[in-house]
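As a plain string of letters, each chain reads:
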Amino acid sequence: SWVDFFKKQRLMHMAQLARKQGELPLDVFERLNRFCSDLNQFIDEPAQPSLVHGDLWGGNVITNEGHLTGFIDPAIYYAHFEVELAFTQMFGTFGPAFFKGYQSVQPLDQGFFKDRIDIYNLYPTLVHLVLFGASYLAPIKQTLKKFGY
């Protein structure tokens, strides 16, 4: 189950690490846990799993003269394809032209842009909270608040 994997092996796993390090206050941890209990209301199981890069940001994209030539430093796993697309938006890896081209092959519904980008970016934000500290706490709180937690 993608939803269970994302909940248990991504969000709550990183939340527990952040909590153990003292970076995630108990009240925010509890809010995240409640959100995860309701996660299936916000994300769906994919029709089929997709193999994703897992760390797709500008530093891991190689280009030459404006052409994509490769990806480096993968953290590969199977997931819903939207999780990868969401992460590209966290640091502005790809712009509107990418998404226009992408959607000509694989349409995305508005729920992706409206809500699921924020949900899927909880995971890399938690990773960054663990690695880099408190400056990543505010976006976690904002996302939880957006969804009523």
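Every chain's residues receive numbers from 1 upward, in the order its sequence appears when written. Local features in this predicted model are restricted to residues whose pLDDT is 70 or higher, and side-chain atom pairs enter the listing and the counts only when it is 80 or higher, whereas totals over whole chains, interfaces and linings include all residues. As a rule here, side-chain values come from all non-hydrogen atoms in the structure, and water together with hydrogens is ignored.

## Details of the pairing of strand 2 (residues 61–64)
Pairing between strand 2 and strand 3 (residues 67–71): four bridges, direction antiparallel. Among the inter-strand pairings, Val61 is bridged to a residue of strand 3, identified as Phe71. A loop of two residues connects strand 2 with strand 3, the two strands running antiparallel in sequence, and Glu65 in this loop sits at a positive phi of about 50 degrees. One requirement defines pairing of two strands: DSSP has to find at least two bridges between them. The way it works is that DSSP assigns letters per residue, a run of H or I at least four long becomes a helix, a run of E at least two long becomes a strand, and they are numbered from the N terminus.

## Thoughts on the pattern of salt bridges
By salt bridge we mean one thing: a side-chain nitrogen of Lys or Arg within 4 Å of a carboxyl oxygen of Asp or Glu. One pass over the structure, following the stated rule, counts six salt bridges. Between Arg116 and Asp109 there is a salt bridge, and its shortest N-O distance comes to 3.0 Å.

## Here we look at helix 5 (residues 110–120)
The classification of residues rests on relative accessible area computed with a 1.4 Å probe and restricted to protein chains. Under 20% of the type maximum is buried, over 50% is exposed, and intermediate values are partly exposed. Inspection of helix 5 places Phe112, Arg116, Ile117, Ile119 and Tyr120 among the buried residues, and these make up the whole buried set. Relative to the axis of helix 5, the buried residues are bounded by an arc of 155 degrees and lie together on one face. Pointing more than 90 degrees away from the buried face of helix 5 are the exposed residues Gln110 and Lys114. For the purposes of these results, a polar contact is taken to be a pair of N or O atoms within 3.5 Å, where, inside protein, one atom must be able to donate a hydrogen and its partner to accept one; residues adjacent in sequence count only when each atom of the pair is a side-chain atom. In this structure Asp109 caps helix 5, since a side-chain oxygen of it lies 2.8 Å from the backbone nitrogen of Gly111. Working note: the arc is built from the helix axis to C-beta atom directions.

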